Amino acid sequence: MTGAVPSPYSNQQISVWLRGLLALAWADGNFDEQEKALISDLTELELAPKTELEGAAHIMPEAVAEGLGDDPKTAENFLRTAVMVAIADGTYSAAEDRLLQEYCTALNLQPAVLDSLRHTLTEMSEGGPVDRFAGLGNDHYLPVLAPMQEWLDGLEVQDPRLARFLCKMIPPQCPFERDVVLFGRKIVHIPAMCKLNPLYEQLVGLRFRALSYLADDCGEDVTPYC
């Protein structure tokens, strides 16, 4: 089902688009079983039945660029969704940053906003991810990330398959803070994502636009995403 509203993108473009996003979601290898099941479900429903998870996520940036075509607006919208996927879990890793830069090169894009995103890069320690600016709060990031926030807010949802992908990838609410415990010992404390992610409002806004598009424009039941 692709909805009653015509999409500006071809089936080939959407297939390549989603595979590019899956490759980015897979970039840092930080997947639990629930996330793997979610991606597998997206692959089955939105790409092609019986497509292997790793096969769907394995695509070179040059192939993404070729599949999307020459329209700069399409390329930029793809990059916007790719950034959203990269920050959806509240952290931005070096592996994700490298792949985003490769996408920029392949798509002939040079968005300066990605430079500001590097200020949020997560460092790793033996205990797990470390926020370099822990305790400073999101206000520390706001002046630096203002161009990124404005750029991300410019993304329009125009395809039901992408809308469903975003509704599933972006959590419906701010996850509770939690401790990661191994063998009875606390390994790392993870704060609530809304505190950790300075671009959380952009994620929430995009998810709302995707839900509204599916419900109002496509006439789909969005209850499963709520």
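Criteria and cut-off values
Residues numbered from 1 in each chain as written. Predicted model: local features only at pLDDT ≥ 70, side-chain atom pairs only at ≥ 80, totals over all residues. Heavy atoms only, no water. Helix = DSSP H or I, 4+ residues; strand = E, 2+ residues; numbered from the N terminus. Buried < 20%, exposed > 50% of the residue type's maximum accessible area, 1.4 Å probe, protein only. Contact = heavy atoms within 4.5 Å. Areas by Shrake-Rupley, 256 points an atom, 1.4 Å probe, with all protein chains shown as cover. 1 Å grid on protein atoms, 1.4 Å probe; cavity = no way out; pocket = protein on both sides within 12 Å on 5 of 7 lines; lining within 4 Å. Points joined across faces, edges and corners; volume = space filled by probe spheres on them. Nonpolar A, V, L, I, M, F, W, Y, C, P; charged D, E, K, R; others polar. Core = buried A, V, L, I, M, F, W, Y, C linked by side-chain atoms within 4.5 Å. Axes fitted to C-alpha atoms, helices over the stretch in contact; angles between N-to-C directions. Parallel < 35°, antiparallel > 145°, perpendicular 65-115°, else oblique. Left-handed = near helix turned anticlockwise from the far one by under 90°. Salt bridge = Lys/Arg side-chain N within 4 Å of Asp/Glu carboxyl O. Phe/Tyr/Trp six-rings, centres within 6.5 Å; stacked < 30°, edge-to-face > 60°.

With an unreviewed UniProt entry as reference, the protein chain is termed Nitrogenase, source organism Thermoleptolyngbya sichuanensis A183.

Draft legend 1. Just the overall build of the protein chain, in detail. On a plain count of helices and strands, the protein chain comes out with eleven helices and four strands. Among the 226 residues that make up the protein chain, the fraction classed as buried is 44%. Taking contacts inside the protein chain between residues at least 6 apart in sequence as the whole, the part at least 24 apart equals 74%. Accessible surface for the protein chain amounts to roughly 12,000 Å². Of this, 53% is attributable to carbon and sulfur atoms.

Draft legend 2. Spotlight on unusual backbone geometry. The phi torsion at N108 lies on the positive side, around 60°, for a residue other than glycine. Along the chain, N108 falls in the loop between α6 (94-106) and α7 (113-117).

Draft legend 3. Focus on empty space enclosed by the protein. Counted according to the given criterion, the structure contains one cavity of 30 Å³ or more. Together, Y9, W17, N77, T81, L155, E156, V157, Q158, D159, L162, L166 and L206 line the largest cavity. Sorting the residues of the lining of the largest cavity by element identifies α5 (72-87) and α9 (160-169) as the ones contributing at least two each. Residue composition of the lining of the largest cavity, by class: seven nonpolar, three polar and two charged.

Draft legend 4. Structural context of α9. With nine of ten residues buried, α9 is to be regarded as a mostly interior element. When we look at burial in α9, the residues that qualify are P160, R161, L162, A163, R164, F165, L166, C167 and M169.

Draft legend 5. Representation of the nonpolar core. In terms of nonpolar packing, the biggest core is built from 57 residues, with L21, L100, Y103 and M148 touching the most fellow members. Contributions of two or more residues to this core are made by α1 (11-25), α4 (61-68), α5, α6, α7, α8 (142-153), α9 and α11 (200-217). Not counting residues up to four positions away in its chain, the partners in contact with M148 are V83, V113, L114, S116, L117 and L199.

Draft legend 6. Molecular detail of the packing of α1 against α9. One way to put it is that α1 packs onto α9 with a least axis distance of 10 Å and a crossing angle of 15°. By the criterion of interaxial angle, the relationship of α1 to α9 is roughly parallel. Read as a crossing pair, α1 and α9 show a hand that is right-handed. Contacts from N11, I14, W17, L18, L21, L22 and A25 of α1 reach α9 at R161, L162, F165 and M169. Here the residues of the contact of α1 with α9 are counted per class, giving nine nonpolar, one polar and one charged.

Draft legend 7. Quick peek at the pattern of salt bridges. Considering all chains together, one arrives at three salt bridges under this definition. The residue E220 makes a salt bridge to R164 at a minimum N-O spacing of 2.7 Å. Within this pair, whereas E220 is found in the segment after α11, its partner R164 is found in helix α9, the two being separated by 56 residues in sequence.

Draft legend 8. How the structure looks around the packing of aromatic side chains. Under the defined criterion, the tally for this structure stands at three aromatic pairs. Ring centres of F78 and Y103 lie 5.2 Å apart, and the angle between their planes is 75°; this geometry places the pair in the edge-to-face category. Taken as a pair, F78 in helix α5 and Y103 in helix α6 lie far apart in primary sequence, 25 residues in all. You'll find F78 and Y103 in the same group, each marked buried.

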